[in-house]
Amino acid sequence: MTGNLYRGQAGLPFSSTLRVYEPLEAFPEGQREAIRSAGARTASRAAVENAELLASLGRITRSGGDPFPTGRTDLVRVTSIPGVPPGRTPQPGTSDAGAAAGPGTEAGLGTEAGLGTETGLGTGKGAGSGLGPDAGGDAGRDTGSGRVLLYCPSQLVLRAGLAANALMEGIHGPLAEMLIPEEQRDKHQERIDQVKARDGAIRVHTRASTWGIPFSWFSLFMEGDHKDVVESGGRILTVRVWAPITEAIERARYAVAHLALAAPDLDMLDDLAQLTEWLELFHVNSMVELDYGAVADKVYPDESPMDIRLGIECLAEGDMTGAAAAYRRLASRWIPIRQLARAS
């Protein structure tokens, strides 16, 4: 399987991803050189995504019945933002915090991908949060352009373990036990234990969703945020939306506060609370990326961030008619996508 797999997605389920990119100084000192080196071996983003899909399909078809990544190779995506003056940490609402020009060219290298539907909930407090921008020296700075490099490791071993646990605990648990033998699950748990023993408290940088994007994710972004639309052959391959983590957290907290008062029973409130806690684990100079994946070709141009914002504002003002209208727009856009998961 070679060539344009990334372009066609090979009939795979639509998968969308929420990623956090951190500066190098946010990572434990023992990991920094490996992350920097992996990020320095750059390739085009399309090549990275293609390699990730190939490796994922390769794992589920290999002999031995082990569908899990081994961790021998791992993907590290890289982007860049305008540099922050040394010794100064941007505060929410300031021009530096916004990195208004948006992220720069992204790249990455790796041959293994995550497994199935994944959740990316962190397992420890972010050791890097609160570090100054010059804490790691110039190791994470592109001195030629004055831009700061940000890194997002795929952490495939941990994410695959989280995905498998979620699958086992869901309604398809009995089927999952047949597809993933207990021997292989135990073997992968040993890999997870090794990663945790080596790296200590870990922030999982990636959350993924199949057959649609959770509405809570849209609350992190605004219509004016930086977007990259990737097209080829008259099709949209993906859309990536970016926001500084300080702004994303502020937006999530705003949504939680108003939903808690106006709609405390809404499922989205719990999702937003968990999302906010997850984002608070990361370095203050991080960036958040929403990668639509192949579903972008079905929904873009997409006004979901605006609909979520307007819906929450209407609820806060007691305008139930306006809130219902915003939800109908969201439902008409995304319910048909989610129904594809049950289509034959």
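Now for a description of the structure that goes with this document.

Procedures and definitions
Residues numbered from 1 in each chain as written. Predicted model: local features only at pLDDT ≥ 70, side-chain atom pairs only at ≥ 80, totals over all residues. Heavy atoms only, no water. Phe/Tyr/Trp six-rings, centres within 6.5 Å; stacked < 30°, edge-to-face > 60°. Helix = DSSP H or I, 4+ residues; strand = E, 2+ residues; numbered from the N terminus. Lys NZ or Arg CZ within 6 Å of the ring centre and 35° of its normal. Buried < 20%, exposed > 50% of the residue type's maximum accessible area, 1.4 Å probe, protein only. Polar contact = N/O pair within 3.5 Å; in protein donor to acceptor, adjacent residues only side chain to side chain. Contact = heavy atoms within 4.5 Å.

All chains considered together, the criterion is met by five aromatic pairs. With a centroid separation of 5.7 Å and 40 degrees between ring planes, the pair formed by Phe218 and Trp334 is classed as tilted. On the criterion of sequence distance, the pair formed by Phe218 in helix H8 (residues 215–218) and Trp334 in helix H13 (residues 320–339) is long-range, its members being 116 residues apart. Taking the ring centre of Trp278 as reference, the NZ or CZ of Arg207 above it sits at 4.9 Å. One cation-aromatic arrangement involves Arg338 over Phe215; the distance from NZ or CZ to the ring centre is 4.6 Å.

With that out of the way, let us pick up unusual backbone geometry. Residues Tyr300 and Pro301 are joined by a peptide bond in cis, for which omega reads 5 degrees. Position of Pro301 among the secondary structure elements: in the loop between helix H11 (296–299) and helix H12 (304–316). Not every positive phi belongs to a glycine, and Trp211 is a case in point at roughly 55 degrees. On the secondary structure map, Trp211 appears in the loop between strand S6 (206–210) and H8. Exposure remark for Trp211: the relative accessible area of 22% places this residue in the partly exposed category.

The next subject is the side chain of Arg19. Counting through the fold element by element, Arg19 comes out in strand S1 (residues 15–23). A polar contact of 2.7 Å, which involves the side chain of Arg19, links it to the side chain of Glu289. A polar contact is formed between the side chain of Arg19 and the side chain of Asp291, at a distance of 3.1 Å. For Arg19, the residues in contact, after removing those within four places along its chain, are Arg45, Glu49, Arg77, Cys152, His205, Thr206, Met287, Val288, Glu289 and Asp291.

Interpretation in functional terms is not warranted from these geometric data alone.
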